[in-house]
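Breakdown of the fold
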Amino acid sequence: MHKTKRTRRLRKTENIRRLVRETRLSVDDFVYPIFVQDGENIEHDITSMPGIKRFSIDRLAQELGEIVRLNIPAVLLFGVPGTKDETGTKSWHDDGIVQKAVRYIKQRHPSLYVITDVCFCEYTSHGHCGVIEGIGNNKEGDVDNDATLLNIQKQALSHVQAGADMVAPSGMMDGSVAAVRAALDEHKYTDIPIMAYSIKYASAFYGPFRDAAEAAPTFGDRRTYQMDPANRREGLLRASYDEWENADILMVKPTLAYLDVVAALKSETNKPVACYNVSGEYAMIKAAAANGWLDEEQAMLESLLSMKRAGADIIITYFAKQAAAVLQRKI
Ligand code: PBG
């Protein structure tokens, strides 16, 4: 048998490559994260994430216009409040930063799908994702799972009351999906879906995000609630709990170092799978490209494509605007 070019025949020209291409990226895949900050006239560059900014609401209009013009279906909102306290009470106020931003966005662009991140690390003085056990006497304790669940319910509900289309509890507390579902159902928001941060690892790749959201812990780390990067089956177990708790979408985060987990989750569930292409993954490509060490556009598309190939139905990415623009140009 002739081995020469036996698989290469179908790679000869771009048109035949188009015909046999197995995976395609589309703007339909993307969710774009946005950081909103209390205050006025703020458009703050995040140094470690070139091209990404933190906006006060009065400066958000142009950014939203671009997102809508590029036909990106959804945004994921993160809030940076003016003041913090031990339990993060600002996170569930009706005049909180995310609540105000949701109302502003839905008023200007009713069809832009608004997902809110539900967490406390941006709102607590200690930077952890919930209530600290033994607060008052032991301020360096662990995060109290069940006390935090009550606050997650309040925060999620207030986001939805402000008009959020979907909520995404990201603090890795056990039982958050069931708690949020119960709170929403009780208030008749039975049609609001939950995207679960099901498999979220304690990762070094969140570094730039913690600058962007001012959410770095002041003591300790998040390894008692975020997952050990060594574990895949534990992640699938968590995702199965989230399915039983009626999560609508299951997410893996970060992505590039965890594509095996994305693929495994996809083969185990019939729910949509999302992946979060996190800040550090974005920063690596931007930094290498700024040094002329790799082609930014190709590296961006190749890594986004790998997420799709691994099985992601939804890709949350800081590249959403840039990738949508490139994909449009190619059509
Ligand atoms: C925590 C949260 C984190 C991110 C989103 N929500 C990470 C963390 O600090 O633990 C990270 C997102 C990114 O790195 O892009 N509520």
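Residues numbered from 1 in each chain as written. Predicted model: local features only at pLDDT ≥ 70, side-chain atom pairs only at ≥ 80, totals over all residues. Heavy atoms only, no water.

**Observations concerning the overall build of the protein**
Rules: Put simply, DSSP marks the helices as runs of H or I at least four residues long and the strands as runs of E at least two long, and each gets a number from the N terminus on. When we talk radius of gyration, it's over C-alpha atoms, and the globule rule is simply 2.2 Å times the number of residues to the 0.38. Only protein chains enter the accessibility calculation, which uses a 1.4 Å probe; a residue whose area is less than 20% of its type maximum is buried, one above 50% is exposed, and one in between is partly exposed. We call two residues in contact whenever any of their non-hydrogen atoms come within 4.5 Å of each other. All accessible areas in this document rest on Shrake-Rupley with a 1.4 Å probe, and a residue is counted as covered only by the protein chains that are shown. Lys and Arg are tallied as positive, Asp and Glu as negative. Neither His nor the chain termini are counted. Note that the charge is assigned to NZ on lysines, CZ on arginines, CG on aspartates and CD on glutamates.
Along the backbone of the protein there are eleven helices and ten strands. The globule rule puts the C-alpha radius of gyration for 331 residues at 20 Å, and the 20 Å found for the protein is close to it. With the principal axes as the frame, the protein shows a C-alpha extent of 75 × 45 × 40 Å. In the protein, which comprises 331 residues, the share counted as buried stands at 54%. Sequence-distant contacts, at least 24 apart, represent 74% of the contacts inside the protein between residues at least 6 apart. Within the structure as shown, the protein displays about 15400 Å² of accessible surface, and the carbon and sulfur contribution to it stands at 49%. Of the charged side chains in the protein, 41 are positive and 44 negative; the average position of the first set lies 11 Å away from that of the second.

**Some details on the layout of surface pockets**
Space left empty within the atom packing is revealed by a probe, the size of a water molecule, rolled over the atoms. For the record, the criterion: Residues are called lining when one of their atoms sits within 4 Å of a cavity or pocket point, these points coming from a 1 Å grid over the protein atoms alone, where a cavity is a set in which a 1.4 Å probe fits but cannot get out and a pocket is an open set with protein on both sides within 12 Å along at least five of seven lines. Grid points are joined across faces, edges and corners, and a volume is the space filled by probe spheres set on the points. Residues are grouped as follows: Ala, Val, Leu, Ile, Met, Phe, Trp, Tyr, Cys and Pro are nonpolar; Asp, Glu, Lys and Arg are charged; every other residue, Gly included, is polar.
By volume, the largest pocket is sized at about 600 Å³. Of all the elements in the fold, those that place two or more residues in the lining of the largest pocket are helix 1 (14-20), helix 10 (296-310) and helix 11 (320-330). Looking at the lining of the largest pocket, its residues break down into eight nonpolar, five polar and six charged. Roughly 220 Å³ of internal volume is contained in the second largest pocket. In terms of lining, the second largest pocket is formed by 14 residues, of which the most central are Met-172, Asp-174, Thr-224, Tyr-225 and Arg-238. The greatest single-element share of the lining of the second largest pocket, amounting to four residues, is contributed by helix 7 (residues 233-244). Broken down by class, the residue content of the lining of the second largest pocket amounts to seven nonpolar, three polar and four charged.

**Describing unusual backbone geometry**
Going from Lys-253 to Pro-254, the amide bond is cis rather than trans, its omega being -10 degrees. Within the chain, Asn-246 stands out as a residue other than glycine whose phi angle is a positive 75 degrees. By secondary structure assignment, the location of Asn-246 is in the loop between helix 7 and strand 8 (249-253). A residue is classified by how much of its surface remains accessible, and Asn-246, at 45% relative accessible area, is partly exposed.

**Side note on empty space enclosed by the protein**
With the rule as written, the count across this model stands at two cavities of 30 Å³ or more. For the largest cavity, the calculated volume is near 120 Å³. Cys-121, Lys-200, Tyr-206, Phe-209 and Lys-253 are the residues nearest the centre of the largest cavity, which is lined by 18 residues in total. In terms of residue class, the lining of the largest cavity is made up of nine nonpolar, three polar and six charged. Computed from the structure, the second largest cavity encloses a volume of approximately 60 Å³. In terms of lining residues, the second largest cavity is bounded by Pro-169, Met-172, Met-173, Ser-176, Val-177, Ala-196, Tyr-197, Arg-238 and Asp-242. At the level of secondary structure, the elements contributing two or more residues to the lining of the second largest cavity comprise helix 5 (176-186), strand 7 (195-200) and helix 7. In the lining of the second largest cavity, the residues fall into six nonpolar, one polar and two charged.

**As for the site of the ligand**
Just so we agree on the cut-off: Residue proximity to a molecule or strand is established when one non-hydrogen atom of the residue lies within 4 Å of it. Contacts described as polar in this section are N or O atom pairs within 3.5 Å, which, within protein, must combine one atom able to donate a hydrogen with one able to accept it, while residues neighboring in sequence count only if both atoms come from side chains.
Around the ligand, the surrounding shell holds 17 residues, and the nearest of these are Arg-210, Gln-226, Lys-253, Ser-279 and Tyr-318. Between the ligand and Lys-253, the relevant distance is 3.3 Å, taken from a nitrogen atom to a side-chain nitrogen or oxygen of the residue. Within the side chain of Tyr-318, an N or O atom sits 2.6 Å from an oxygen atom of the ligand. Taken by itself the ligand offers 400 Å² of open surface, and the protein chains cover 100% of this. Grouping the constituent residues of the shell around the ligand by class yields nine nonpolar, three polar and five charged.

**A short note on the packing of aromatic side chains**
Under the convention used in this document: Stacked, edge-to-face and tilted are the three classes for Phe, Tyr and Trp ring pairs, Trp counted by its six-membered ring, which pair at centre distances within 6.5 Å; planes under 30 degrees apart are stacked, over 60 edge-to-face, the rest tilted.
Per the counting criterion, the structure on display carries eleven aromatic pairs. Between Tyr-197 and Tyr-276, the ring centres sit 6.4 Å apart and the planes meet at 40 degrees, which makes this aromatic pair tilted. Here the residue Tyr-197 occupies a position in strand 7, and Tyr-276 occupies one in strand 9 (residues 273-277), the gap between them amounting to 79 residues. The exposure class assigned to Tyr-197 is buried, which follows from its relative accessible area of 3%.

**As for helix 7**
As a reminder, the rule being used: In this analysis, the expected span of each helix is defined as 1.5 Å times one less than the number of residues it contains. By definition, the arc is the one covered by directions from the helix axis to the C-beta atoms.
An ideal rise of 1.5 Å per residue puts 16 Å on twelve residues; helix 7 measures up with 17 Å between its terminal C-alpha atoms. Within helix 7 the residues assigned to the buried category are Gly-235, Leu-236, Arg-238, Ala-239 and Asp-242. For helix 7, the angular spread of the buried residues around the axis is 160 degrees, confining them to a single face. The outward face of helix 7, more than 90 degrees from its buried face, is lined by the exposed residues Arg-233 and Trp-244. Elements in contact with the buried residues of helix 7: helix 5, strand 7, strand 8 and helix 8 (259-268). Just beyond helix 7, the residue with positive phi is Asn-246, at close to 75 degrees.

Just geometry here; none of it tells us what the structure is for.
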